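The lines below spell out each chain.
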Amino acid sequence: MRIDIHPHETLPRHAKEVLLGQKGSVLWFCGLSGSGKSTIAAAVEQVLHDKGRFCVRLDGDNLRTGLNGNLGFSDDDRLENIRRTAELAKILASNGVIVLCSLITPRGAFRDLARGILENDFAEIYVKADYATCEARDPKGLYAKANEGNVKNFTGRDSAFEEPQDPELVLDTEALSVDDAAFEVLEYLRSEGIAL
Ligand code: ADP
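Cut-off values and rules
Residues numbered from 1 in each chain as written. Predicted model: local features only at pLDDT ≥ 70, side-chain atom pairs only at ≥ 80, totals over all residues. Heavy atoms only, no water. Near = heavy atom within 4 Å. Polar contact = N/O pair within 3.5 Å; in protein donor to acceptor, adjacent residues only side chain to side chain. Areas by Shrake-Rupley, 256 points an atom, 1.4 Å probe, with all protein chains shown as cover. Nonpolar A, V, L, I, M, F, W, Y, C, P; charged D, E, K, R; others polar. Pairing = 2+ DSSP bridges. Helix = DSSP H or I, 4+ residues; strand = E, 2+ residues; numbered from the N terminus. Axes fitted to C-alpha atoms, helices over the stretch in contact; angles between N-to-C directions. Contact = heavy atoms within 4.5 Å.

Student: Could you clarify how one ought to interpret the site of the ligand in this entry?
Tutor: For the ligand, the set of nearby residues contains 16 residues, the closest of which are Gly-34, Lys-37, Thr-39, Lys-140 and Leu-176. The separation between a nitrogen atom of the ligand and a polar main-chain atom of Thr-173 is 3.3 Å. Contact between the ligand and Leu-176: a nitrogen atom at 2.6 Å from a main-chain N or O atom of the residue. Starting from 570 Å² of accessible surface for the ligand in isolation, the protein chains cover 77%. When its residues are assigned to classes, the shell around the ligand shows five nonpolar, eight polar and three charged.

Pasting the structure below:
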């Protein structure tokens, strides 16, 4: 830490967690564009919200309209995108919030960076669907654009998606429905004592 910076004390994390009736934590959904990260995170958020739990979603696409709006898709910019998102998620989790991050996070080194920042609060959720499946879904029309050569550094096409080696959870969205995938996430939260 810089010697000229003196962070202030905040209320203890535990006090926030007691207030909210949950444990702060970060679920980091990674996978190809169109694999289902945002769809599943939204389904999980809805169930938790209905049960009175407090979540914040940090979605890669949304963050690129504001906080990360000055970043592109080079490796350096993706790394900074992940660093900022992880640091924001850390602040939220340390205030008792369940944070649902949805970012492609295509490289092991990027996920290691997020895990290093978030430490025990971090759970890596691999939302798995192959390129052909995501291309057929193409919810944002990005695969069609990429095939025309109109998207730079498109993951799975121009740059690799490195499969997670040891994620906390794998959701195979070629086999699971959205509801079943969300149920698995909720079971994980229950088993870890994060939220009922
Ligand atoms: P990502 O956030 O990974 O880029 P999105 O959630 O935006 O992906 O889009 C995934 C698309 O795939 C949506 O149109 C969704 O309806 C569809 N889809 C089909 N089956 C599934 C599934 N089992 N889980 C998640 N999404 C699915």
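Student: Would you mind going over the sheet that holds strand β1 (residues 25–30) with me for this structure?
Tutor: Note on sheets: strands pair through backbone hydrogen bonds, and any given pair is parallel or antiparallel. Reading across the sheet, the five strands line up as β2-β3-β1-β4-β5 and stay open at both edges, with parallel pairing between neighbours. Either end of the sheet is taken by a strand with one partner, and the two such strands are β2 (55–59) and β5 (169–172). Within the sheet, the average angular offset between the axes of one strand and its neighbour, ignoring direction, is 20 degrees. In this structure, β1 lies alongside strand β3 (residues 98–102), joined through five bridges in parallel fashion. What sits directly across from Trp-28, in β3, is Cys-101. Contacts from helix α5 (residues 108–118) reach β1 and β4 (122–128) within the one sheet, and its direction differs from that of β4 by about 150 degrees.

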